[in-house]
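A closer look at the structure
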Amino acid sequence: MWEGLTNLFAQITFIDIFDISLVAFLFYRLTLLIRGTRAIQLLKGLFVLLIAMVLSDRMQLTTINFLLEQAMTVGIVAIPIVFQPELRRALEQLGRGKFFGDGLFSGDEDRTQAIKELKKAAKVLQTRKIGALIVIERKTGLSDITETGIQINGKISAELIINVFMPLSPLHDGALVLRENHVKAAGCYLPLTEKPDLSKELGTRHRAAIGITENSDAISLIISEETGAISLAEGGKLTRYLDEDELESLLIKLWGGHEHQSKSFWQWRLGN
Ligand SMILES: Nc1ncnc2c1ncn2[C@@H]1O[C@H](COP(=O)(O)OP(=O)(O)OP(=O)(O)O)[C@@H](O)[C@H]1O
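Under an unreviewed UniProt entry, the protein has the name Diadenylate cyclase and belongs to Natranaerobius thermophilus. Under the UniProt heading Function (unreviewed entry), the note attached to the protein is "Catalyzes the condensation of 2 ATP molecules into cyclic di-AMP (c-di-AMP), a second messenger used to regulate differing processes in different bacteria."

Take a look at the structure:
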């Protein structure tokens, strides 16, 4: 047996290692795209079906095995339909060259600017006590969520955010979703948390904000209509009563960017 294994390893070439690493990386990026979306439930369902199929085959349960095989075929046909948002997103990212990662020169400055705009918007919304709910997408794709709202695809600016949440704006109800440094969609519907121990003061806006962070790695920012309080949710936990500077620091920590506009290493090296 040892001899067989040694022979097998001796046959592995650099190309094979490269091939396997590439496939592993592609799977990893695909997992990031579908993590936290409804598509993951379909995959789990297919996995359970597969196990049941193998077991029924081993136990020679012919009829149940036949039925499971038919169900599996339907499940496989359903894959491109259910995964349609993720597939579209993967192709979009491929087209923009972002599927393979953010790269060395990714927009750190853009992120810093986006955080400044969010801070400015939060301050104005707080002062005027205008309720707002903003979700920041990170690694988990939120296409399921953005498709429940109105697509915007605009650059992040305080003016745009404030405008969306103005009480008479047709988009003020629901959540605004940010993807990378863009306002992706407004008026989106989020899943509500089912936590029983939340404070009674927290209504559906805060419940929705927490809910999305339980279902994905997104961050959500809430401005209370009643009190003007700024809160931030991440991983199902809510941090309340933030001031604008605390909000900026937390966003930098969780989303990227930097506090002071200093030259990055690459700008310094390239001398601009
Ligand atoms: N599932 C949801 N997805 C997105 N937005 C939601 C959802 N549920 C409620 N909202 C938003 O929350 C608003 C209602 O907020 P509500 O007053 O119930 O919450 P709250 O947590 O008490 O917030 P506030 O302190 O601002 O009053 C709705 O008008 C809507 O804009």
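Back to the text.
1. Some words on the sheet that holds strand β5 (residues 219–223)
The strand order across the open sheet formed by seven strands is β2-β4-β3-β1-β5-β6-β7, and the pairing between neighbours is mixed. Edge positions in the sheet fall to β2 (150–155) and β7 (237–242), since each has one partner strand and no second. Taking the axes of each pair of neighbouring strands and ignoring which way they run, one obtains an average angle of 20° across the sheet. Strand contacts of helix α6 (residues 108–128): β1 (132–136), β5 and β6 (230–234), with the helix running at about 30° to β5, the strand carrying the most contacts. Most of the contacts of helix α9 (residues 204–215) go to β5, to which it runs at about 170°, and overall it touches β1, β3 (175–179), β5, β6 and β7.

2. Digging into the pairing of β6
For β6, a buried count of four out of five residues is recorded, marking the element as mostly surrounded by other parts of the structure. In terms of strand pairing, β5 meets β6 through five bridges, oriented antiparallel. Across the sheet, residue L221 finds its bridge partner in β6, namely L232. Connecting β5 to the antiparallel partner β6 that follows it, the hairpin turn spans six residues, and G228 within it adopts a positive phi of roughly 80°.

3. Here we look at the site of the ligand
Among the 17 residues in the neighbourhood of the ligand, the closest are listed as G203, R205, A208, S224 and E225. By residue number, the principal contributor to the shell around the ligand is α9, which donates four residues. Split by residue class, the shell around the ligand holds seven nonpolar, six polar and four charged.

4. Observations regarding the nonpolar core
Counting 42 residues, the largest nonpolar core has I134, V135, A175, L176 and V177 as its most contacted members. Here the element with the most residues in this core is α6; it accounts for six residues. With residues near it in sequence (within four places) discarded, V177 still touches V135, E137, L142, I145, T146, K184, A185 and C188.

So, how was this worked out
Per chain, residues are indexed from 1 in the order of the written sequence. Given that this is a predicted model, residues contribute local features only at a pLDDT of at least 70 and side-chain atom pairs are listed and counted only at 80 or more, while totals for whole chains, interfaces and linings are drawn from all residues. UniProt positions are given in the numbering used here, feature names are shortened, and annotations may be inferred rather than shown by experiment. The rule for pairing is simple: two strands pair if DSSP sees at least two bridges between them. Each helix corresponds to a stretch of at least 4 residues labelled H or I by DSSP, and each strand to a stretch of at least 2 residues labelled E; elements are numbered beginning at the N terminus. As a rule, the C-alpha atoms of each element are fitted with a line to give its axis, helices using only the stretch in contact, and angles between N-to-C directions run from 0 to 180 degrees. Each residue is represented by a C-beta atom placed from its backbone, and any two residues with such atoms within 7 Å are regarded as in contact. Here exposure depends only on C-beta density: within 10 Å of a residue's C-beta, 20 or more other C-beta atoms make it buried, 12 or fewer make it exposed, and intermediate numbers make it partly exposed, the C-beta atoms being placed from the backbone. In this entry, near means the residue's backbone-placed C-beta atom lies within 6 Å of the molecule or strand. Gly falls in the polar group here, along with every residue not listed as nonpolar (Ala, Val, Leu, Ile, Met, Phe, Trp, Tyr, Cys, Pro) or charged (Asp, Glu, Lys, Arg). By definition, a nonpolar core groups buried Ala, Val, Leu, Ile, Met, Phe, Trp, Tyr and Cys residues that are joined through C-beta atoms within 7 Å.

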